[in-house]
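Coordinates in review
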Amino acid sequence: MADAVLVAIVDDDESMRQSLPDLVSKFGFRVRTFTSAEEFLASDCVGQTKCLILDFAMPGMSGPDLQRELSRRGQTIPIVFITGQPDQDLRRQLLAEGAVECLFKPFSAAALREALNTALGVN
Amino acid sequence: MVPDVLAALKRQETLMAEIERVSSTGGFCWHPATGTMTCTDEVYRILELDATVPVTLQLMGTRIHPEDLALLDDMFEKASAQASEFEYQLRLRTDRVKYLLVSARRGEDPDDQALYIGAIQDVTRRRLSEDALGTLRCELARLARVSSLGALTASIAHEVNQPLAGIMINASTCLELLSSDPPDLDAARETALRTIRDTERACEVIARLRGLFGKRGGKTESVDLNGAAREVIALSLSELHRRQVTLRTELAADLPLITGDRVQLQQVILNLLLNAAEAMIPIEDRPRQLLIRTEFDAADQARLTVQDSGVGFEPQEAPRLFEAFYTTKSGGMGIGLSVSRSIIETHGGRLWAELNAGPGATFAFSVPTRGNTCDAPSRGGVPLADSEPLMRRA
């Protein structure tokens, strides 16, 4: 798996950090999880991450804050937002700002797989 | 001369009878040693007794509501112990509810024997309107709760969707693991356990919501203020995150229990918390910080403080903040703070607001702890009934 594509998950919710990695691994990706945007930025994964599964609302730096920070640093990591707020306006806004997808929790495994494939340019 | 005096006495008596009638108050003189009782006509009318029969404590007993008979015994014991005065609220055993207020003071007859001179007043109308007011206050408090439920909709959706997402992902992963060749049973078992745990988490959210917003009467119980605050914080957390508010809590470890209505106190905490979050929406040039602190203060009261870094309020607004229907918010009804103050006062406590030395405001309340005398919540399980008038208008 060492050469598998790295997907990073940033979510303050523990049950997401426990459940998502198993599923994403089953899709054939390598996974790392982070409890906050700050923790992700401080890690050595930023340069290797090929796709970011990012929670929208988090204490401290929010998902969109991280998106802006990455773009300021010139890092173009495709982002799949996940959020517990089923807000269509929010989704449109995130997509307009460059996110690949914005999934409302609870989302299906198929929807997540499709979003990851789109993010990584896989058909 | 004599006929004049008699006529004057007669006029006096007619006047007294009229006053008794107008005030629904009858007078009595009771001799505990002999059991004899002298009553005015109004007493007979209030007790609905035949005016030709002499009133005794036993006869009175036949007119009292069975549940209040113990009070009559108590009154007799007080008199035997030569109490200097007493006062009781009794219900009558009649077709419709009738409330009496009996009060008396000890005196002595010419032979130095104790006797009690007192009044029996029909306070039915007052009691019924007090009860109606209590019910109305409870409904208003519930309305305020429901309106804060509206403010929390997004937060609640988030709290429920989070475990639902976990359930969906775990179940999907479980299927994937079972359909691999060979099936990875250990990992599948792990995802099934996580599914159960997330379901329990969703149930806890629903239980908290039912506890906070369900229709119920006032209830008096021992309340752990820290626990009550933690539950409210758990429900509001994502609302705070959504508004980019950083929350800090400093909950005193040794806070004694208080006596009161847990849900109503949580309503006050929720209200203060949502107000603080709202006051910070316009703030862009400094951190939106919220501090919730509990402590055992110098006056032996349990105190809860909510401090924000929001827009604060104008010093001249301070006296009006707690008035009903006073609001500075476009979508607000202006009942949150007035209901909150009413709830805290019913608990024998105090709710106040002050401006911070720096930016923002601090709202705090303190309530007596169980060790102290707290004669608050009460009558008929409707704690709001004894409080200050709810609708205070300037």
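Residues numbered from 1 in each chain as written. Chains lettered and ligands numbered in written order. Predicted model: local features only at pLDDT ≥ 70, side-chain atom pairs only at ≥ 80, totals over all residues. Heavy atoms only, no water.

**A word on the pattern of salt bridges**
Between side chains of opposite charge, a pair can form when the charged atoms approach closely. Within this structure, the stated rule accounts for 27 salt bridges over all chains. Note that Asp198(B) is salt-bridged to Arg197(B), the shortest N-O span being 3.4 Å. Note on Asp198(B): relative accessible area 0%, which makes it buried. Between Arg303(B) and Asp297(B) there is a salt bridge, with the nearest N and O atoms lying 3.3 Å from each other. Among the residues examined, Asp297(B) registers a relative accessible area of 11% and is labelled buried. Put simply, Asp11(A), Asp55(A) and Lys105(A) are held in one network by salt bridges that share partners. (Salt bridge = Lys/Arg side-chain N within 4 Å of Asp/Glu carboxyl O. Buried < 20%, exposed > 50% of the residue type's maximum accessible area, 1.4 Å probe, protein only.)

**Considering the packing of helix α6 (residues 153-179) of chain B against helix α8 (residues 225-242) of chain B**
Each pair of packed helices can be summarised by the angle the axes make with each other and by the distance between the axes. All names here are of chain B. In the contact formed by α6 and α8, the axes pass within 8 Å of each other and the chain directions differ by 110°. Looking at the two axes, α6 sits roughly perpendicular to α8. Here the hand of the crossing between α6 and α8 comes out right-handed. Taking contact as the criterion, the partners of Ala154, Ser155, His158 and Glu159 in α6 are, on α8, Ala234, Leu235, Ser236, Ser238, Glu239 and Arg242. Residues of the contact of α6 with α8, tallied by class, amount to three nonpolar, four polar and three charged. (Axes fitted to C-alpha atoms, helices over the stretch in contact; angles between N-to-C directions. Helix = DSSP H or I, 4+ residues; strand = E, 2+ residues; numbered from the N terminus. Parallel < 35°, antiparallel > 145°, perpendicular 65-115°, else oblique. Left-handed = near helix turned anticlockwise from the far one by under 90°. Contact = heavy atoms within 4.5 Å. Nonpolar A, V, L, I, M, F, W, Y, C, P; charged D, E, K, R; others polar.)

**A few points about the pairing of strand β5 (residues 101-104) of chain A**
Residue and element names in this part refer to chain A. As judged from the four bridges shared by strand β4 (residues 79-83) and β5, these two strands associate in the parallel manner. Residue pairing in the sheet places Phe81 in a bridge with Cys102 of β5. In this region the chain leaves β4, passes through helix α4 (residues 88-96) and returns to the parallel neighbour β5; the handedness of that crossover is right-handed. (Pairing = 2+ DSSP bridges. Right-handed = clockwise from strand over helix to strand, strands pointing away.)

**So, a nonpolar patch on the surface**
A surface patch of nonpolar side chains, about 390 Å² in accessible area, is lined by Val2(B), Val5(B), Leu6(B) and Leu9(B). With respect to the helices, strands and loops of the structure, Leu9(B) is situated in helix α1 (residues 2-22). (Patch = residues over 30% accessible without salt bridge, like charges linked within 9 Å, V, L, I, M, F, W, Y side chains within 5 Å. Areas by Shrake-Rupley, 256 points an atom, 1.4 Å probe, with all protein chains shown as cover.)

**Notes on the sheet that holds strand β2 (residues 30-34) of chain A**
Residue and element names in this part refer to chain A. Here we have five strands laid out as an open sheet, ordered β2-β1-β3-β4-β5, and parallel in their pairing. One side of each edge strand has no neighbouring strand; the edge strands of this open sheet are β2 and β5. The average angle at which neighbouring strand axes cross in this sheet is 20°, direction not considered. Most of the contacts of α4 go to β5, to which it runs at about 155°, and overall it touches β4 and β5.

**Comments concerning the side chain of Lys105(A)**
On the secondary structure map, Lys105(A) appears in the loop between β5 and α5 (109-120). A polar contact is formed between the side chain of Lys105(A) and the side chain of Asp55(A), at a distance of 3.5 Å. Non-local contacts of Lys105(A), meaning those with residues more than four positions away in its chain, are made with Asp11(A), Met16(A), Asp55(A), Ile82(A), Thr83(A), Gly84(A), Asn161(B), Gln162(B) and Ala165(B). (Polar contact = N/O pair within 3.5 Å; in protein donor to acceptor, adjacent residues only side chain to side chain.)

**Remarks on the side chain of Thr369(B)**
Residue and element names in this part refer to chain B. Within the secondary structure, Thr369 sits in the segment after β12 (361-368). Residue class for Thr369 comes out buried when judged on its relative accessible area of 3%. A polar contact is formed between the side chain of Thr369 and the backbone oxygen of Asp300, at a distance of 3.4 Å.

**Examining the nonpolar core**
Residue and element names in this part refer to chain B. Counting 50 residues, the largest nonpolar core has Leu225, Ile269, Leu272, Leu290, Phe363 and Phe365 as the members making the most contacts within it. Looking at this core element by element, the count peaks at ten residues for helix α9 (residues 262-279). If we skip the residues at most four places from it in the chain, Leu290 touches Leu240, Val245, Thr246, Leu247, Arg248, Leu273, Ala276, Met280, Val306, Gln307 and Asp308. Of all hydrophobic cores here, the second largest spans 26 residues; its members include Ile46, Leu47, Tyr88 and Val102. (Core = buried A, V, L, I, M, F, W, Y, C linked by side-chain atoms within 4.5 Å.)

Shape is all these values report; function is a separate question.
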